[in-house]
Amino acid sequence: VWWNLRDESPTRIKLRTKPRYADWVDLGPDRWRSGGGGISVLMPPGRYMVTLAVDGREYTQPLDVLKDPNSEGTEADIAVQIAKVKEIRDDYDVAVGLVNRIEWVRRQIYDLRAVLEDQGGAEEVLTAAEELDVELIAIEEELIRLTTTGTGQDGVRYPTKLVGRLRYLAGAV
């Protein structure tokens, strides 16, 4: 039996384009790669109902989650912290939603570019697509690091952007 004591699943970044300057990175069969985990909130002390499903039968029982006796904070302090982390997570989810939408559009631009280059005679559309891609990259680079490959020491090589800063802030709270 496993329970992680966290509330709803965090929003995940789905990078549908390869990192800048790293064409060797594979997007996988689903044509996306993970952009890191999200922010999830530990549940506060309280009474919860736990359901265990085994061989088609369910067993339900209350479970009391107690405050860590070594914690100096009160349950009121915990409630304030949880509210703040949820507020940060909401901002994070908005930023991740923007990244995911930008990634979809950029992926479509790259797919369209491949088709148009193959057919030929669409230089005007290709130029406009390239200009749009440059503008989208400029926006997206303020939200996440587009040079992250998921290998090596990305975290120390490049500055953290908004999404990473929100994740760090939530962890500190």
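In this report, the structure presented in the accompanying data block is examined. Predicted model, so just to flag it, every value in this text is computed and none were measured.

### Observations concerning the packing of helix 1 (residues 75–119) against helix 4 (residues 162–172)
Where helix 1 meets helix 4, the closest approach of the two axes is 9 Å, and the angle between their N-to-C directions is 165°. The angle between helix 1 and helix 4 places the two elements in the roughly antiparallel class. Seen from above, helix 1 lies across helix 4 with left-handed handedness. Contacts between helix 1 and helix 4 involve Val 85, Ile 88, Asp 91, Tyr 92, Ala 95 and Val 96 from the first element and Leu 162, Val 163, Leu 166, Arg 167, Leu 169 and Ala 170 from the second. For the contact of helix 1 with helix 4, the per-class residue count stands at ten nonpolar, no polar and two charged.

### Some thoughts on a nonpolar patch on the surface
Residues Leu 52, Val 54 and Tyr 59 make up a contiguous nonpolar surface patch of about 240 Å² in total accessible area. For Val 54, the location among the structural elements is in strand 3 (residues 46–54).

### With respect to the pattern of salt bridges
Within this structure, the stated rule accounts for ten salt bridges. For the salt bridge of Asp 111 with Arg 107, the shortest nitrogen-to-oxygen distance reads 3.3 Å. Residue Asp 111 and its partner Arg 107 are located together in helix 1, separated by four residues, close to a single helical turn. According to the relative accessible area criterion, Arg 107 is buried, its value standing at 15%.

### Some details on the pairing of strand 4 (residues 57–65)
Examined bridge by bridge, strand 3 and strand 4 share nine bridges and lie antiparallel to one another. Within strand 4, the position partnered with Ala 53 by the bridge is Glu 58. Connecting strand 3 to the antiparallel partner strand 4 that follows it, the hairpin turn spans two residues, and Asp 55 within it adopts a positive phi of roughly 50°.

### A closer look at the environment of Arg 33
Residue placement: Arg 33 occurs in strand 2 (residues 33–34). Sequence separation of Arg 33 and Gly 150 is 117 residues, and the distance between their C-alpha atoms is 9.2 Å. When neighbours within four sequence positions are excluded, Arg 33 is seen to be in contact with Ile 13, Lys 14, Leu 15, Thr 17, Lys 18, Pro 19, Val 25, Leu 27 and Thr 148. Polar contacts involving the side chain of Arg 33 include one to the main-chain carbonyl oxygen of Thr 148, which spans 3.2 Å.

### Some words on the environment of Ile 88
Mapping Ile 88 onto the fold places it in helix 1. Judged by its relative accessible area of 6%, Ile 88 falls in the buried class. With sequence-adjacent residues up to four places away left out, Ile 88 is seen in contact with Ile 39, Leu 166, Leu 169, Ala 170 and Val 173.

Calculation criteria
Residues numbered from 1 in each chain as written. Predicted model: local features only at pLDDT ≥ 70, side-chain atom pairs only at ≥ 80, totals over all residues. Heavy atoms only, no water. Axes fitted to C-alpha atoms, helices over the stretch in contact; angles between N-to-C directions. Helix = DSSP H or I, 4+ residues; strand = E, 2+ residues; numbered from the N terminus. Parallel < 35°, antiparallel > 145°, perpendicular 65-115°, else oblique. Left-handed = near helix turned anticlockwise from the far one by under 90°. Contact = heavy atoms within 4.5 Å. Nonpolar A, V, L, I, M, F, W, Y, C, P; charged D, E, K, R; others polar. Patch = residues over 30% accessible without salt bridge, like charges linked within 9 Å, V, L, I, M, F, W, Y side chains within 5 Å. Areas by Shrake-Rupley, 256 points an atom, 1.4 Å probe, with all protein chains shown as cover. Salt bridge = Lys/Arg side-chain N within 4 Å of Asp/Glu carboxyl O. Buried < 20%, exposed > 50% of the residue type's maximum accessible area, 1.4 Å probe, protein only. Pairing = 2+ DSSP bridges. Polar contact = N/O pair within 3.5 Å; in protein donor to acceptor, adjacent residues only side chain to side chain.

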